[in-house]
Amino acid sequence: MSKILEGIRVLELTAVINGPYSGGLLAELGAEVIKVEPPDGEIQRRIAPMIKGQAFGYMQYNPNKKSITLNLKEKKAQEIFYQLAKESDVVLENNTPGVMERLRIGWEDIRKINPRIIYASTTGYGQSGPYRNYPAYDSLAQARGGIMSITGDSSDPPVKTGPSVTDFLAGAHTTLCILAALWQRSVTGSGQRVDIAMYDAAIPYLYEEIAALMSRGEQQDRLGNAHKSLFPHNVYGTRDGHIFILVEDQNQWEKLSEILGLSDVFKDHEKVRNLKELRSEVEALIDRWTSSRSKADAEKELMQGGIPCSRVNYIDEVIADPVMNEHDMFVTVEQQIAGTIKIPGSCLNILSDPGTVNAPGSPLGYHTDEILGDLLGLTPEDIVSLRQNGIV
Amino acid sequence: MSSRFNELLVLELTNSHCHSAYAGRLLGELGARVIEIEPLGGSSLRKYSSESYGSYLHAIYQANKENICLDLPNKPACDILKQLSEKADIILDGLGPGVTLGYGIDYKDLKQANPRLIYTSITTYGLSGAYVGYPDHDVLAQARGGVMSLTGMESGPPTRTSLTMSDLITGLHAAICCVASLISRDHSNEGKFIDMANFDTIATHLKEFTTMFLVENKVLRRNGNLSPRVAPYNAYKCKDGYVVIATASNPQWESLARAIGRGDLISEPDYKTPYDRRFKGDNVKNLDGIIEGWTINHSKNEILEIMNQAHVPCAPVQDLSSVIADEHLRHREMLLTLTGDGFSFDYFPGSMLKLSETKGCIFRPGPSLGMSTGKVLRDVLGYSEELINDLRDRSLVWGRI
């Protein structure tokens, strides 16, 4: 278990991907993350597939976290939340702007109780600006943020990046801000407000395209797998899938020509790059060569010739990949109800104290007694009464 | 409020990869003094694709930073880097496995001279494992890491995302490790060695798709803009482009059906749950056909107005010219008008790091080649004019003296 954030307590009121990912990174670094959920759990708890009633998505997005339920519409539950906030360093939430304030647990409410608190919100469009109240999913942020307009081939509709990249970018930027605020706080003694938006993440995602726009003054058509200046730069079919091949210079080009047995017509790389007819001929010749091989054989042969290439792996192949396993990127862990499962590990590889995934997300409310009893000093009778009244 | 980051000295070794550049930019946004160590002719970033394009790319990624041109293969230039590292808090090394070691710059020695140093290596496949030394392009990590198998149309080939997608997420997670190490250094008084890999970071971004394999042995593949779980949820052609409409719940679906004048569909038993609408028979195809039959007769703005009123999640597919003019991104200071001595930008990328007391800031674009070489040698190392001139005359350093 990483000790880097030992002693840091986080109250997390999040759902789906963005907020849970942010809190998950803190938990991987050793923070005590207490996930506070409504009595029926956050949305991710209800999304299939399940193992013994435990949602798999929830378990992998919420590693190492504790779980408590609080019915925050009740005044008594809000008071419990204030008690918890007094004992905590961070509040992390990804609700629609205004929800936390209506529950009287907004930034202004909590900083009065605990001026050391770091209060982080990560939402679709942020706490300010004309779109702040719009509902947001990753696809919508990718659409409005221009990410779809640069992805895929110009003959197809605009297409999104497969993984929900704006969710992850917003979540990880939130974690970075929380850590920066914790480091700052150790000198100043006071907390801060953090306000991150998925939509904002489109801008760093588009640096390359923004630079191209600055340079050319207009947006280029979508390129599919092609590259502004490199050729070849594409996927090619093999007997059992695809391989991506690219060439950077004349030297690699000569090697590739040799492997493919290309005629002297194609000798001058510069000329091939600039003539559309030659390019399509080359594309067809590469495809003919790759099509008669398996992706492993094609990759091996090209790599031996020093040609940058990689097989296109599918999810099953990624999970079975030897280096993914050497790097502990898929780990076997135990959940209280679901039992032994395999989930993604941590990429935070700080050598003497790496981020770790020790346990998947816990069953709903699993730590309610422990947190109310040990942390807030409530008696078993108090807790029974809170349960009976639907507070926890 | 003055930020603790203002006291930090970060050295960044970047050549062609954007991961270390983005990590450095983030630390610079937070207020650290970041010095980019460049080869005499400038980093490949500056020359990427074309001179003009490269210069803008460098301006964006290297915003706020200073730079120094060192002829690193030469020992006396390496000695300058070693002296700088004695004063540094963080080194970001994005040159690739073994490159700095080949120059004779070894973390073990640097650590001995400066035990508080945080050394961050960022590479495509990490410093251990069978892929060390593999060609290290972002797009190849996307291929091997599964991202391409999940991007593109169902009928089309695997498709790349942006050319810097995995560099971006890896630089970001490297910055997280750096700040975590600063926190730990406050207690231990010791630095850390960080070994970040694009390949590892990609694995943590596949969770939506690994689920179906790890539980049901099902290999999800690219599927255009469809959701792997619910429907209707897609990009639809309209009069003047495309919109994305995304319903994840029954109330949203019912509002959508009414908004397009097809309230009759709500009571259809085949369309009862999001799962049914997505996976039962030809439901997705039929429903998407009905929705696009409606959107095709409306403009983006009309559709947005109708969907917003109906509380149906919806967004236009915007191209870059609309994005850079977007009022929300301007309001959020994600796009800045940045002008100063010798530079002027109408839409310069701002900082995502919105903290109330120590928010991320952009002051200036990346420096021109060799801009602060003399300044760094004087300020950080206290070199005399005589010594600096001598180094320049021997072509060990280059730039403004």
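What counts, and at which threshold
For every chain, the first residue of the written sequence is number 1, and numbering continues from 1 onward in sequence order. The naming scheme follows written order: chains are lettered A onward, ligands numbered 1 onward. Owing to the predicted nature of the model, reporting of local features is limited to residues with pLDDT of at least 70; listing and counting of side-chain atom pairs is limited to 80 or more, with chain, interface and lining totals taken over all residues. For the side-chain quantities, the full set of heavy atoms in the structure was used; hydrogens and water were omitted. A helix here means a DSSP run of H or I that spans at least four residues, while a strand means a run of E at least two residues long, and both kinds are numbered starting from the N terminus. Relative accessible area decides the class of each residue, using a 1.4 Å probe on protein chains only: under 20% of the type maximum gives buried, over 50% gives exposed, and in between gives partly exposed. Only heavy atoms enter the contact rule, under which two residues are in contact if any of them lie within 4.5 Å. Note on areas: Shrake-Rupley with a 1.4 Å probe; residue coverage comes only from the protein chains shown. Counting rule applied: Lys, Arg positive; Asp, Glu negative; His and chain ends not counted. For charged residues, the charge sits on one atom: NZ in Lys, CZ in Arg, CG in Asp, CD in Glu. Paired strands, as defined in this entry, are two strands with at least two bridges between them according to DSSP. Only the contacting stretch of a helix is used when fitting its axis, a line to C-alpha atoms as for every element, and angles between N-to-C directions run 0 to 180 degrees. Note on definitions: salt bridges are taken to be side-chain nitrogens of Lys or Arg within 4 Å of carboxyl oxygens of Asp or Glu. Buried area is calculated as the accessible area (1.4 Å probe) missing from two parts once they are joined, with the contributions of both summed. Between N or O atoms, a polar contact is any pair within 3.5 Å; within protein, one atom must be a potential hydrogen donor and the other a potential acceptor, and residues adjacent in sequence are included only when both atoms are from side chains. Residues are grouped as follows: Ala, Val, Leu, Ile, Met, Phe, Trp, Tyr, Cys and Pro are nonpolar; Asp, Glu, Lys and Arg are charged; all remaining types, including Gly, are polar. Here, the term nonpolar core denotes a set of buried Ala, Val, Leu, Ile, Met, Phe, Trp, Tyr and Cys residues that are joined through side-chain atoms within 4.5 Å. Roughly parallel covers angles under 35 degrees, roughly antiparallel covers those over 145, roughly perpendicular covers 65 to 115, and oblique covers all other angles. Whether a crossing is left-handed or right-handed is set by the direction in which the near helix is turned from the far one by less than a right angle, anticlockwise for left-handed and clockwise for right-handed. To estimate the expected span of a helix, subtract one from its residue number and multiply by 1.5 Å. By definition, the arc is the one covered by directions from the helix axis to the C-beta atoms. Only the six-membered ring of Trp is used, alongside the rings of Phe and Tyr, when aromatic pairs are assigned; centres must lie within 6.5 Å, and planes under 30 degrees apart are stacked while those over 60 apart are edge-to-face, with the rest tilted. Any Lys NZ or Arg CZ that is within 6 Å of a ring centre and within 35 degrees of that ring's normal is treated as a charge sitting over the ring.

Asker: Even after reading the chapter, I still don't get the overall build of chain B, so can you show me in this structure?
Answerer: Looking only at helices and strands, chain B features 18 helices and 12 strands. Dimensions of chain B, computed from C-alpha atoms along their principal axes, come out at roughly 85 × 50 × 45 Å. Out of the 401 residues belonging to chain B, those deemed buried represent 61%. Restricting to contacts in chain B with at least 6 residues of sequence separation, those with at least 24 account for 68%. Surface summary for chain B: the accessible area is close to 14,700 Å², and the carbon and sulfur share equals 47%.

Asker: Would you explain the overall build of chain A in this entry?
Answerer: Across its full length, chain A holds 17 helices and 13 strands. With the C-alpha coordinates of chain A rotated into their principal frame, the extents come out at 85 × 45 × 40 Å. Taking as baseline every contact in chain A between residues at least 6 positions apart, the subset at least 24 positions apart corresponds to 67%. In the form shown here, chain A has an accessible surface area of approximately 14,200 Å², with 47% of it arising from carbon and sulfur atoms. Charged side chains in chain A number 39 positive and 52 negative. The centres of these two groups are separated by 4 Å.

Asker: Could you clarify how one ought to interpret the sheet that holds strand E2 (residues 32-37) of chain A in this entry?
Answerer: All names here are of chain A. Taken in spatial order, the six strands make up an open sheet running E5-E2-E1-E6-E7-E8, and their pairing is parallel. Edge positions in the sheet fall to strand E5 (66-69) and strand E8 (193-197), since each of these pairs with one other strand and no more. Strand-to-strand twist in this sheet, taken as the mean axis angle between neighbours without regard to direction, amounts to 20°. Pairing of strand E1 (residues 9-13) with E2, which is carried by four bridges, proceeds in the parallel orientation. Among the inter-strand pairings, Glu-12 is bridged to a residue of E2, identified as Lys-35.

Asker: Teacher, can you tell me more about the pattern of salt bridges here?
Answerer: Think of it this way: side chains of opposite charge can pair up when their charged atoms draw near. One pass over the full model with this rule turns up 37 salt bridges over all chains. Between Arg45(A) and Glu37(A) there is a salt bridge whose closest N-O contact spans 2.7 Å. For the pair shown, Arg45(A) and Glu37(A) are each scored as buried. The partner of Glu38(B) in a salt bridge is Arg46(B), with the nearest N and O atoms 2.7 Å apart. One exposure class covers both Glu38(B) and Arg46(B), and it is buried. Through salt bridges with shared partners, a single ionic network connects Arg9(A), Glu32(A), Lys66(A) and Glu370(A).

Asker: Would you mind showing me how to read the interface of chain A and chain B here?
Answerer: The extent of an interface is frequently quoted as the accessible surface area lost upon association of the parts. Listed per partner, the contact involves 135 residues of chain A and 134 residues of chain B. For the pairing of chain A and chain B, the buried interface totals around 12,000 Å² over both sides, and the portion due to carbon and sulfur atoms is 69%. Two residues, Arg144(B) and Glu299(A), come together in a salt bridge whose shortest N-O distance is 2.9 Å. Linking chain A with chain B are 56 residue pairs in polar contact (both at pLDDT 80 or more). At 18 residues, helix H7 (residues 165-188) of chain A tops the list of elements feeding residues into the side of chain A that touches chain B. Of the residues that constitute the side of chain A that touches chain B, the class distribution is 79 nonpolar, 38 polar and 18 charged.

Asker: Would you explain the sheet that holds strand E8 (residues 241-246) of chain B in this entry?
Answerer: Strand-to-strand pairing in sheets goes through backbone hydrogen bonds, with the strands running parallel or antiparallel. Residue and element names in this part refer to chain B. Spatial ordering of the open sheet is given by E7-E8-E9, a layout of three strands whose pairing is antiparallel. Sheet topology places strand E7 (233-238) and strand E9 (314-316) at the edges, where each strand pairs with a single neighbour. Taking each pair of neighbouring strands and ignoring which way they run, the sheet shows an average axis angle of 25°. The pairing of E7 with E8 spans six bridges and is antiparallel. When the bridges of E8 are listed, Tyr-236 appears paired with Val-243.

Asker: Explain the nonpolar core to me, please; I cannot follow it from the model alone.
Answerer: For soluble globular proteins, the rule of thumb is that nonpolar side chains tend to be buried together. One finds Leu5(A), Leu179(A), Tyr205(A), Phe5(B), Leu27(B), Ile90(B) and Phe348(B) to be the most contacted residues of the largest nonpolar core, which totals 137 residues. Aside from chain neighbours lying at most four places away, what touches Leu179(A) is Leu5(A), Leu26(A), Leu29(A), Ile176(B), Val179(B), Ala180(B) and Ile183(B).

Asker: Could you clarify how one ought to interpret the side chain of Arg9(A) in this entry?
Answerer: All names here are of chain A. Following the sequence through the fold, Arg-9 ends up in strand E1. Using a relative accessible area of 17% as the deciding quantity, one classes Arg-9 as buried. Of the polar contacts made by the side chain of Arg-9, one reaches the side chain of Glu-32; its length is 2.8 Å. Looking at Arg-9, its side chain comes within polar contact range of the main-chain oxygen of Glu-87, at 2.6 Å. Setting aside residues up to four positions removed in sequence, Arg-9 forms contacts with Glu-32, Ile-34, Glu-87, Ser-88, Asp-89, Val-90 and Leu-375.

Asker: Would you take a moment to explain helix H11 (residues 250-259) of chain B for this structure?
Answerer: All names here are of chain B. Inspection of H11 places Gln-252, Trp-253, Ser-255, Leu-256 and Ala-257 among the buried residues, and these make up the whole buried set. Packing partners of the buried residues in H11 comprise E8, helix H12 (274-279), helix H13 (283-295) and helix H14 (300-309). One or two residues past the end of H11 sits Gly-261, with phi positive at roughly 75°.

Asker: Sorry, what's going on with the packing of H7(A) against helix H8 (residues 165-188) of chain B here?
Answerer: Each pair of packed helices can be summarised by the angle the axes make with each other and by the distance between the axes. Where H7(A) meets H8(B), the closest approach of the two axes is 9 Å, and the angle between their N-to-C directions is 20°. Between H7(A) and H8(B), the angle falls in the class roughly parallel. Once H7(A) is placed against H8(B), the crossing between them reads as left-handed. Mapping the contact onto sequence places Val165(A), Leu169(A), Ala172(A), His173(A), Thr175(A), Leu176(A), Leu179(A), Ala180(A), Leu182(A), Trp183(A) and Ser186(A) in H7(A) and Met165(B), Leu168(B), Ile169(B), Leu172(B), His173(B), Ala175(B), Ile176(B), Val179(B), Ala180(B), Leu182(B), Ile183(B) and Asp186(B) in H8(B). Looking at the contact of H7(A) with H8(B) residue by residue, the classes come out as 18 nonpolar, four polar and one charged.

Asker: Would you mind going over the environment of Glu86(B) with me for this structure?
Answerer: Within the element layout of this structure, Glu86(B) appears in helix H4 (residues 75-87). Separated by 25 residues in sequence, Glu86(B) and Lys111(B) have C-alpha atoms that sit 8.6 Å apart.

Asker: I tried to follow helix H12 (residues 276-291) of chain A on my own but got confused; where do I start?
Answerer: Owing to its 3.6 residues per turn, the α-helix brings residues three or four apart onto one side. All names here are of chain A. Taking 1.5 Å as the rise per residue, H12 with 16 residues should run 22 Å; its terminal C-alpha atoms sit 22 Å apart, in good agreement. The set of residues buried in H12 consists of Leu-278, Val-282, Ile-286, Trp-289 and Thr-290. Here the buried residues of H12 occupy an arc of 100° about the axis, which is enough to place them on one side. Turned more than 90 degrees from where H12 packs its buried face, Lys-276, Glu-277 and Arg-288 sit exposed. Of the surrounding secondary structure, the elements contacted by the buried residues of H12 are strand E9 (233-238), strand E10 (241-246), helix H10 (250-260), helix H11 (269-274) and helix H13 (295-304).

Asker: Teacher, can you tell me more about the packing of aromatic side chains here?
Answerer: In this structure the tally under the stated criterion is 24 aromatic pairs over all chains. Site record: aromatic cluster; members linked through ring pairs are Tyr125(A), Tyr131(A), Tyr134(A) and Tyr199(A). Cation over ring: Arg45(A) sits above Tyr58(A), and NZ or CZ is 3.5 Å from the ring centre. Sitting over the ring of Tyr131(B), Arg144(B) keeps its end group 4.8 Å from the ring centre.

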